[in-house]
Structures are given as C-alpha cells and as structure tokens.
Amino acid sequence: DLVNRVVSYLIPAIRSTGGTFSSIKRLGAGSYYERVKISEPNEFDIMLLMPVSRLQLDECDDTGAYYYLTFKRNPKEKYLLKFVDEEGKLSAFQILQSLREIIKREVKKIQNMEVSVKRKKVGSPAITLQIKHPPGDISVDIILTLEVQQSWPPSTADGLRIEQWLGTKVRLKCRNESIYLVAKQNKKEKVLKGNTWRLSFSHIEKDILKNHGSSKTCCESDGPKCCRKACLKLLKYLLEKLKQDHTKELEKICSYHVKTAFFNSCVKWPNDRDWHWEDLDYCFQRYVGYFLDCLKNAQLPHFFIPKYNLLGQEDKVSSHFLLRKINYELNNGFPIFQE
C-alpha cells in the first residue's frame, strides 16, 4: 500500500516535467510481483518503461548482454538527443542523473510519509527510495528501462529454449515482445563512461513464472499442483540466509543466479510430472544438484543469452565458497531451514 501510494504520486509528477519522461509507464518486476518473495515484502523493484521506437544496438563486449545505443537518422524521440554523448552514444548516466534529480525534488512533496532517495550505488541501474516504516524501512528500486519495439539481437537466437517445456508458440510470442534495456554499467570497460546498457528480460521471466506448466492447467485452482515455484523459493531462501551470515564471501552471488539455474532446470525437466507436488523433496535436491554443478564448473549460461556465462572466473572464489556451504546443508538435511 505504501509503495503504491509513493509510486502513484511519482509517476504523474515525473510525466508532468514533459519531454524526456512524459510517456513513462510502470511495470512491477522482481520477486514480489513474480509471487516468489520469500521473506517480509520490504524490497520492491519498479520498472519505469520508456518507449523508444528504434535504436541501433552495438555489442560492447563478448557477452551479448551489453550494448551501446545510437539513434538512426531523425529519431521520433528528439527529446532524447540531449542525452547523446560526444561519441554519438545514448548516455545511460545522463538520463539516470536527470531522472534522479526529478525524483529527489518530488519525494520531498509527499505528505504523511517519510521518503528519501538513497545514495547512488556505483554502476547500479536503480534509483533507490527508502520509505520509513517502523520498526523497519521499505526500499524501492526504481529502474529506468528503455522499451524498444524491434526484434531481439542475434545473441539471443539460441536462448529461451522452452519448446519442450512451454511450446514453440509460447517461445515465438515471447520473442515478439519488445526489447528491454536497463542503464547498467559494463564493468569490463577500461574507462567507465556510463554509456552502456544491458538487456533485461524481467517481463518475460514474470510471464513464464506465472504460466510455468507444460499443461495449461498446472497450479490453477482445479488443476494439478506442481512444486516448481516452491523449489525456487527454497533455494532463494537458502541463499538469502547464507548471504546474511557470509556477506563478504558471497557478494558476487545474487538471487538471479538461483533464478537462472531454476529456468535451466525447468528446461532440463520439462514435464509437469517431473515436478509433482508430492515429490518436492526429491525435486528440490535435483535442482540443487544442478546448481552445485554450475558452481563447481563456474559455468551458468544465461537463460536468454546462452553464450553469456553468469559465473565467470572472477566469481570463482564466491562460487566455491557457496558450493561448500550448500554441500554441507545438503549432506546434513538442511539445518538452516530448522533455524
């Protein structure tokens, strides 16, 4: 309720500044909106979608996830030209900075609530709001997202292999959706100029989690219940608990790793009979086993961009630390769940 009140005030206020942000719309993303939140709902992700008709995407590294964006001749969105840097690239940093200033100004006007904008995190695509809500606080990540109406880039061609699981038609429907790009800094760049953007598939992930069965009636009120989401929640919870106890050692690992392993597992075991609710214990251990293999081999292919490995060599120390911790839990009947 508090989050909705804040966002419902902010969106018209941002739109009313005209030009750049006049056409933004809201999309709830992340675990709360995917119904896989595992603890108190005190963190929310809100995407602010900004429609753009066409852009040229140029890969800026070998992952296939990060891009430089430039405009074709005479773009419809003339108001964005002021954010083009000296190299002709659309500057993520400048657009975010502009939005941040508007939000900082507007939150001061919200009445009957204490809302502030947290300090900027280097390289983060989010503008984070903090809502005072004793005894704790609620944090809201506002993520500016370009919604580009054109076909997905070549790096995604071999991803989203859901034909055996959800069907060819669903895959085609997903790939006809717009491209989403978030203002994410590519750390591999030698000079950080703030002009890189990363592909985001939050909208597709949310749809898949909502309609996750190979049969259309899976988990409907009168249909058979599967344990897919329960498995995802359990592993997310396990990671969250371990991260609380070992923040520094596990700083390179996040819930997106667990979610990617989940999607890959759904493709490996595509049928509803592979995830019977009664087999939760077995299914969870099988999913954990797959995730442990990924950690051991430092190899977790992105679900939509298979050549992009989410567990690179630079994450090896964190991966092996987590591998040891989860193996301990697995071999001792998951004592962490009894705490």
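Residues numbered from 1 in each chain as written. Predicted model: local features only at pLDDT ≥ 70, side-chain atom pairs only at ≥ 80, totals over all residues. Heavy atoms only, no water.

Some thoughts on the pattern of salt bridges
And then number 1: Scanning all chains against the criterion turns up eleven salt bridges.
And then number 2: We note a salt bridge from Arg105 to Glu106, for which the minimum N-O separation is 3.9 Å.
And then number 3: Taking relative accessible area as the criterion, Arg105 reaches 42% and is therefore assigned partly exposed.
And then number 4: Judged by relative accessible area, which is 6%, Glu106 ranks as buried.
And then number 5: Note that Asp137 is salt-bridged to Lys132, the shortest N-O span being 3.4 Å.
And then number 6: For Asp137, a relative accessible area of 30% corresponds to the partly exposed category.
And then number 7: The partly exposed category is assigned to Lys132, whose relative accessible area is 41%.
And then number 8: Overlapping salt bridges, with partners in common, bring together Arg105, Glu106 and Lys109 in one network. (Salt bridge = Lys/Arg side-chain N within 4 Å of Asp/Glu carboxyl O. Buried < 20%, exposed > 50% of the residue type's maximum accessible area, 1.4 Å probe, protein only.)

Structural notes on unusual backbone geometry
And then number 1: Positive phi outside glycine occurs at Cys219, with the angle close to 65°.
And then number 2: In this structure, Ala298 takes a positive phi of about 45° despite not being glycine.
And then number 3: In this fold, Ala298 is placed in the loop between helix H8 (280–297) and helix H9 (316–331). (Helix = DSSP H or I, 4+ residues; strand = E, 2+ residues; numbered from the N terminus.)

Some thoughts on helix H1 (residues 2–15)
And then number 1: In this model H1 runs 21 Å from its N-terminal to its C-terminal C-alpha over 14 residues, within 8% of the 20 Å that 1.5 Å per residue would give.
And then number 2: Here H1 has its buried residues at Leu2, Val3, Val6, Val7, Leu10, Ile11, Ala13 and Ile14. (Expected span 1.5 Å × (residues − 1).)

Concerning the packing of helix H6 (residues 228–245) against H8
And then number 1: In the contact formed by H6 and H8, the axes pass within 10 Å of each other and the chain directions differ by 55°. Looking at the two axes, H6 sits oblique to H8. The handedness of the crossing between H6 and H8 is right-handed. Taking contact as the criterion, the partners of Ala230, Cys231, Leu232, Leu234 and Leu235 in H6 are, on H8, Leu280, Cys283, Phe284, Tyr287, Val288 and Phe291. (Axes fitted to C-alpha atoms, helices over the stretch in contact; angles between N-to-C directions. Parallel < 35°, antiparallel > 145°, perpendicular 65-115°, else oblique. Left-handed = near helix turned anticlockwise from the far one by under 90°. Contact = heavy atoms within 4.5 Å.)

Focus on the state of the cysteines
And then number 1: Per the stated rule, a full pass over the model turns up zero disulfides.
And then number 2: Cys174 forms no disulfide, and the closest cysteine sulfur to it belongs to Cys266, at a distance of 14 Å.
And then number 3: We classify Cys174 as buried; its relative accessible area is 8%. (Disulfide = S-S within 2.5 Å.)

Looking at the pairing of strand E8 (residues 179–182)
And then number 1: What you see with E8 is no split at all: Ile179 and Leu181 on one side and Tyr180 and Val182 on the other are buried throughout.
And then number 2: Two elements, strand E7 (residues 136–148) and E8, share four bridges in a ladder whose sense is antiparallel. Among the inter-strand pairings, Glu147 is bridged to a residue of E8, identified as Tyr180.
And then number 3: Both E8 and strand E9 (residues 197–200) contribute to a ladder of three bridges, which runs antiparallel. Bridge pairing links Leu181 to Leu199 in E9. (Pairing = 2+ DSSP bridges.)

Describing the packing of H6 against helix H7 (residues 255–268)
And then number 1: Contact geometry for H6 and H7: axes closest at 10 Å, N-to-C directions at 150°. Between H6 and H7, the angle falls in the class roughly antiparallel. Crossing hand, H6 versus H7: right-handed. Counting all contacts with H6, which are made through Arg228, Leu232, Leu235, Lys236 and Leu239, the residues of H7 involved are Ser255, Val258, Lys259, Phe262 and Cys266.
And then number 2: Here the contact of H6 with H7 is built from residues that sort into six nonpolar, one polar and three charged. (Nonpolar A, V, L, I, M, F, W, Y, C, P; charged D, E, K, R; others polar.)

Here's the deal with H8
And then number 1: The first and last C-alpha atoms of H8 sit 26 Å apart over 18 residues, in line with the 26 Å expected at 1.5 Å per residue.
And then number 2: For H8, the elements touching its buried residues are H6, H7 and H9.

Observations concerning the pairing of strand E3 (residues 56–59)
And then number 1: One ladder, built from four bridges, connects E3 with strand E4 (residues 66–70); its direction is antiparallel. Within the sheet, the bridge partner assigned to Gln56 lies in E4 and is Thr70.
And then number 2: Hairpin connection from E3 to E4: six residues lie between these consecutive antiparallel strands, with Gly64 at a positive phi of about 80°.

Looking at the packing of aromatic side chains
And then number 1: Enumeration according to the criterion identifies twelve aromatic pairs in this entry.
And then number 2: Centroid distance Phe262 to Tyr287: 6.0 Å. Interplanar angle 70°. Geometry classified as edge-to-face. Of this pair, Phe262 sits in helix H7 while Tyr287 sits in helix H8, and the two are 25 residues apart along the sequence. Here the two residues Phe262 and Tyr287 agree in accessibility, since each one is buried.
And then number 3: The aromatic ring of Trp269 is capped on one face by Lys268, whose charged end is 5.6 Å from the ring centroid.
And then number 4: Positioned above the aromatic ring of Trp269, the side-chain terminus of Arg286 is 4.5 Å from the ring centre. (Phe/Tyr/Trp six-rings, centres within 6.5 Å; stacked < 30°, edge-to-face > 60°. Lys NZ or Arg CZ within 6 Å of the ring centre and 35° of its normal.)

As for the UniProt feature "domain: Mab-21-like HhH/H2TH-like" (unreviewed entry) in the protein chain
And then number 1: What UniProt calls "domain: Mab-21-like HhH/H2TH-like" (unreviewed entry) maps, in this numbering, to residues 227–327.
And then number 2: Strand forms 0% of residues 227–327 and helix 61%; the C-alpha atoms that close the span are 22 Å apart. (UniProt positions renumbered as here; feature names shortened; annotations may be inferred.)

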